Amino acid sequence: RWQHPEYGLISPARFIPLAEHNGLIDPLTEVIIGKALRDGHLWEKTGLSLNLSMNLSTTSLIEGDLCNTLLSHCQRWSINPELITLEVTESAFVKDLGKSLEVLTRLRMHGFGLSIDDFGTGYSSLSYLQKLDVDILKIDKSFVDTLEYKPLTPHIIKMAKALHLATIAEGVETAEQRDWLCQHDVLYAQGWLYSPALPKEQFILWAENNLKAHCATLKVNP
């Protein structure tokens, strides 16, 4: 999220495509990585040890020097790559499958976790999941909004279980959604039921009051 002084809170869905189109996504990605790992380092110093989850732009994944950038910042801030999960969307495989697999496999070898974001909305196949050694499938918000009308959702959950993958539900907003997901063994969720996206200062206060009470995935978004 971008808190603009004139236009207010701007969603990544609005400014990320502009950054990609104008050749600015790589420097933006590096800034976000640096800030996220710096904050993670400072939080750990205060006793708040967290796994960080980061969205990756398909453009940065295919065209940039992403692996070296991540490793450099991990070294600078003394962050173990195993504490970082990198989220990629299914579109990465369509744009350049070979390059995507090469970069993600390299990142995996260095210990980074991998997650398929917005699963079910794009072009994933079982072969991609097997080749990538993915850790997590994130069930897209569109499958969570009206669970009773989404017969595909239980099948996605069963497939993830068969592949020994964790599942995270996105966009959980009601207790009814949470309860349905728990009944189907989806144990991790993110959404407004737990908290909106917060600036780091407000997040610290939220964590102190709520972290032990909620089973929520904590994301770092631009």
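Residues numbered from 1 in each chain as written. Predicted model: local features only at pLDDT ≥ 70, side-chain atom pairs only at ≥ 80, totals over all residues. Heavy atoms only, no water.

A. Spatial organisation of the overall build of the protein chain. The secondary structure content of the protein chain amounts to 10 helices and nine strands. Taking the intrachain contacts of the protein chain between residues at least 6 apart in sequence as the baseline, contacts between residues at least 24 apart amount to 63%. Just so you have it, the protein chain exposes about 12200 Å², and 54% of that area is on carbon and sulfur atoms. (Helix = DSSP H or I, 4+ residues; strand = E, 2+ residues; numbered from the N terminus. Contact = heavy atoms within 4.5 Å. Areas by Shrake-Rupley, 256 points an atom, 1.4 Å probe, with all protein chains shown as cover.)

B. Focus on the packing of aromatic side chains. Using the criterion set out here, one finds three aromatic pairs in the structure. Between tryptophan 2 and phenylalanine 15, the ring centres sit 5.8 Å apart and the planes meet at 85 degrees, which makes this aromatic pair edge-to-face. One end of the pair, tryptophan 2, is in strand S1 (residues 2-4); the other, phenylalanine 15, is in helix H1 (residues 12-21), with 13 residues separating them in the sequence. A relative accessible area of 42% places tryptophan 2 in the partly exposed class. Among the aromatic residues, those joined into a cluster by ring pairs are Trp43, Phe203 and Trp206. (Phe/Tyr/Trp six-rings, centres within 6.5 Å; stacked < 30°, edge-to-face > 60°. Buried < 20%, exposed > 50% of the residue type's maximum accessible area, 1.4 Å probe, protein only.)

C. Representation of the nonpolar core within the structure. Core analysis: the largest hydrophobic core is formed by 49 residues, its most contacted members being Leu37, Met54, Leu70, Ile84, Leu86, Leu107 and Ile116. Listed in part, the five residues of the second largest apolar core include Ile10, Phe15, Ile16 and Ile25. (Core = buried A, V, L, I, M, F, W, Y, C linked by side-chain atoms within 4.5 Å.)

D. Representation of the environment of leucine 132 in the model. Structurally, leucine 132 is set in helix H7 (residues 126-132). Measuring from C-alpha to C-alpha, the distance between leucine 132 and threonine 105 comes to 6.3 Å, with 27 residues separating the pair along the chain.

E. How the structure looks around the pattern of salt bridges. According to the stated counting rule, one finds nine salt bridges in the structure shown. With its nearest N and O atoms 3.4 Å apart, the salt bridge here joins arginine 38 to aspartate 39. Notably, a salt bridge pairs lysine 141 with aspartate 145, separated by 2.9 Å at the nearest N-O pair. On the basis of relative accessible area, aspartate 145 is assigned to the partly exposed category, the value being 37%. Salt bridges linked by common partners bring Arg38, Asp39 and Lys200 together as one network. (Salt bridge = Lys/Arg side-chain N within 4 Å of Asp/Glu carboxyl O.)

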